[in-house]
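Working through the structure, step by step
Each chain, letter by letter, is given below.
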Amino acid sequence: MSVLCPPTTYLPPIAKIASFSVPQLLDALTYLQSLYHPEVRGSHRKRVQVPVSNGEQNLRLRHEDDSELQAIRSDAFERSYSIRWLTTLITQLEVWHDLSHSEEVSLDDLGTPEPALAYTEILVQQAASLLAICAGVAAAGMITRNFMFGSIDGQRRVEAQLTDIPLDNNDYGSVGAQTWGGACVLAEMIVEDPERFGLDSSSQSFESRRLNVLELGAGTGLVSLVVMKLLDTLPSFNHREVHVVATDFHPSVLANLRSNVNANVSSTHNHPTSTHSITTHFLDWSSFSTTPRPDCLSYPFDVVLGADIIYEAQHAVWIRGCLKGLVRRPSDSTISPAAFHLVIPLRPTHTFESNTVESVFLKACDVDPNGDADLVILSKEYITCDAYGDYTRGQGLDEDVEYVYYKIGWFNARL
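Here the structure is a predicted model, which means the values were calculated and not measured.

1. Topic: helix H12 (residues 351-360)
For H12, the set of buried residues is Glu353, Ser354, Thr356, Val357 and Val360. Each buried residue of H12 lies within a common arc of 140 degrees when the element is viewed along its axis, so the set occupies one face. Projecting away from the buried face of H12 at angles above 90 degrees are the exposed residues Phe352 and Ser359. Buried residues in H12 make contact with helix H11 (315-326), strand E8 (339-345), strand E9 (375-386) and strand E10 (400-410).

Here it is, written out as structure tokens:
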């Protein structure tokens, strides 16, 4: 089945909606969901495979041709048709629902089986939600998603709602306007194992010092917001001061980042009496060493995070320059060493750019132990993700997306 087709071609004809079955209508709604409210590609780390039920359909759009998909999504006529189709569906479903409760009409008269009527409320809810998306934010090229991450033992759960905005005239610099899989992967890893990222410790030596967290290329703010919300739930940070700084460069990206932070974090977080705070700020990696630092970037950071931020040849060099002035240098053996945690996808189209990480940051074993302190790769881990989650297995969408997770820190801070 070709899924890269417009709603006018894929959806059941408006005049014949009443003659289609519940599975067919669910198929159509899932198609529209994939088109106008897609999940983030490559954000599901592989785990034990979950069997796919026979009733599941191949309903997710393959995004191998983003330009064609974007053309369909931004087509005003196709969106208008989708709105009319959803409106008609909701009306028909409400008619079925009302008639099914009428004493004067039997199910036989409706020609609709009783099990199908049981799904009308679910169909109405899904259709109404999509109608709001198509008629509202999606009409402006915006997408709002809900993200949820939990620990493996089920003891922790962090949620965030983020808005993606359109890229500025295909400007590559505005890619942070959208949430990418690397941010989802890093956020999930942090929630599952905070201590691995220096974000959870019962050591008494931590309690008297503020924890400073920085995100480079924060984009929509997913990682920074997950960190802030996670630390709010950890007992070891109930009384410890925490400051998170989410940075980006492009004006529209930074504006959307601020909007997402304000929408997710209570204003009490940034109140003078609060011990936990989060702020956003402009940061140009290329000119970091030659421009005055704002107050929020004038102190050393214990944890620096970056997700999917290496997509140009100079990025690794610029980031290294920033890190040298921002990552806390080792000075107290009782304090866990600061580190930069980086997750990048292994895209075939950006192999050269991805390889710059290991040419700019040497491995610890390759550094002269008698030389000056330097930032090195302390560890490296490959991560494989299902493109669209376990539910696509066996449905022709068994794509994999690969990432690399680097932990980078000062050479003489290596444990």
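2. Topic: the packing of aromatic side chains
Aromatic ring pairs are reported here in terms of the distance separating the ring centres and the angle at which the planes meet. Counting across every chain of the model gives four aromatic pairs. Ring geometry for Phe197 against Tyr405: centres 5.7 Å apart, planes inclined by 45 degrees, an arrangement best described as tilted. Residue Phe197 is found in the loop between helix H8 (181-192) and strand E4 (211-216), and its partner Tyr405 is found in strand E10; the two are separated by 208 residues along the sequence. Assigned by exposure class, Phe197 and Tyr405 land together as buried.

3. Overview of the packing of helix H2 (residues 22-36) against helix H7 (residues 120-135)
Packing of H2 against H7 leaves a shortest axis separation of 10 Å and a crossing angle of 25 degrees. Considered as vectors, H2 and H7 are oriented roughly parallel to each other. With respect to the hand of their crossing, H2 and H7 are arranged in left-handed fashion. Across the interface between the two elements, Val22, Leu25, Leu26, Leu29, Leu32, Gln33 and Tyr36 of H2 pack against Leu123, Gln126, Ala127, Leu130, Ile133 and Cys134 of H7. Classifying every residue of the contact of H2 with H7 by side-chain character gives 11 nonpolar, two polar and no charged.

4. Some points on the side chain of Glu215
Along the polypeptide, Glu215 turns up in strand E4. For the buried Glu215, which has no salt bridge, the nearest side chain bearing the opposite charge is Arg347, at an N-O separation of 13 Å. With residues near it in sequence (within four places) discarded, Glu215 still touches Val223, Ser224, Val245, Ala246, Thr247 and Leu305.

5. A short note on the pattern of salt bridges
Scanning the entire structure with this criterion turns up nine salt bridges. Between Arg157 and Glu159 there is a salt bridge whose closest N-O contact spans 2.6 Å. By relative accessible area, Arg157 is classed as exposed at 54%. For Glu159, a relative accessible area of 40% corresponds to the partly exposed category.

6. Some points on H8
Here H8 spans 17 Å end to end across 12 residues, near enough to the 16 Å set by a 1.5 Å rise per residue. Most of H8 sits out of view: 12 of its 12 residues are buried. Those residues of H8 not exposed but buried are Gly181, Gly182, Ala183, Cys184, Val185, Leu186, Ala187, Glu188, Met189, Ile190, Val191 and Glu192.

7. Looking at the pairing of strand E2 (residues 143-150)
Residues Ile143, Arg145, Phe147 and Phe149 point to one face of E2 and are all buried, whereas Thr144, Asn146, Met148 and Gly150, pointing to the other face, are not buried. Taken together, the eight bridges between E2 and strand E3 (residues 157-164) define a ladder with antiparallel strand orientation. Note that in E3 the partner of Thr144 across the bridge is Thr163. The turn linking E2 back onto E3 is made up of six residues, and Gly154 within it adopts a positive phi angle of 80 degrees.

8. Observations regarding the nonpolar core
Of all hydrophobic cores here, the largest spans 47 residues; its most connected members are Ile190, Leu199, Leu222 and Val227. Setting aside residues no more than four positions away along its own chain, Leu199 makes contact with Ile190, Pro194, Leu211, Val213, Val227, Leu231, Leu234, Phe237 and Val303.

9. Digging into the packing of H8 against helix H9 (residues 222-233)
Where H8 meets H9, the axes come as close as 9 Å, and the angle between the chain directions of the two elements is 15 degrees. Relative to H9, H8 is oriented roughly parallel. The element H8 and its partner H9 pack so that their crossing is right-handed. Between H8 and H9, the contacting residues are Ala183, Cys184, Leu186, Ala187, Ile190 and Val191 on the first element and Leu222, Val223, Val226, Val227 and Leu230 on the second. Within the contact of H8 with H9, the residues separate by chemical class into 11 nonpolar, no polar and no charged.

10. Looking at the environment of Thr351
By secondary structure assignment, the location of Thr351 is in helix H12. For Thr351, a relative accessible area of 41% corresponds to the partly exposed category. Along the chain, Thr351 and Tyr311 lie 40 residues apart, while their C-alpha atoms are 9.3 Å from each other. Of the polar contacts made by the side chain of Thr351, one reaches the backbone oxygen of Pro348; its length is 3.2 Å.

Rules used in this analysis
- Residues numbered from 1 in each chain as written.
- Predicted model: local features only at pLDDT ≥ 70, side-chain atom pairs only at ≥ 80, totals over all residues.
- Heavy atoms only, no water.
- Buried < 20%, exposed > 50% of the residue type's maximum accessible area, 1.4 Å probe, protein only.
- Helix = DSSP H or I, 4+ residues; strand = E, 2+ residues; numbered from the N terminus.
- Arc of directions from axis to C-beta.
- Contact = heavy atoms within 4.5 Å.
- Phe/Tyr/Trp six-rings, centres within 6.5 Å; stacked < 30°, edge-to-face > 60°.
- Axes fitted to C-alpha atoms, helices over the stretch in contact; angles between N-to-C directions.
- Parallel < 35°, antiparallel > 145°, perpendicular 65-115°, else oblique.
- Left-handed = near helix turned anticlockwise from the far one by under 90°.
- Nonpolar A, V, L, I, M, F, W, Y, C, P; charged D, E, K, R; others polar.
- Lys, Arg positive; Asp, Glu negative; His and termini not counted.
- Salt bridge = Lys/Arg side-chain N within 4 Å of Asp/Glu carboxyl O.
- Expected span 1.5 Å × (residues − 1).
- Pairing = 2+ DSSP bridges.
- Core = buried A, V, L, I, M, F, W, Y, C linked by side-chain atoms within 4.5 Å.
- Polar contact = N/O pair within 3.5 Å; in protein donor to acceptor, adjacent residues only side chain to side chain.

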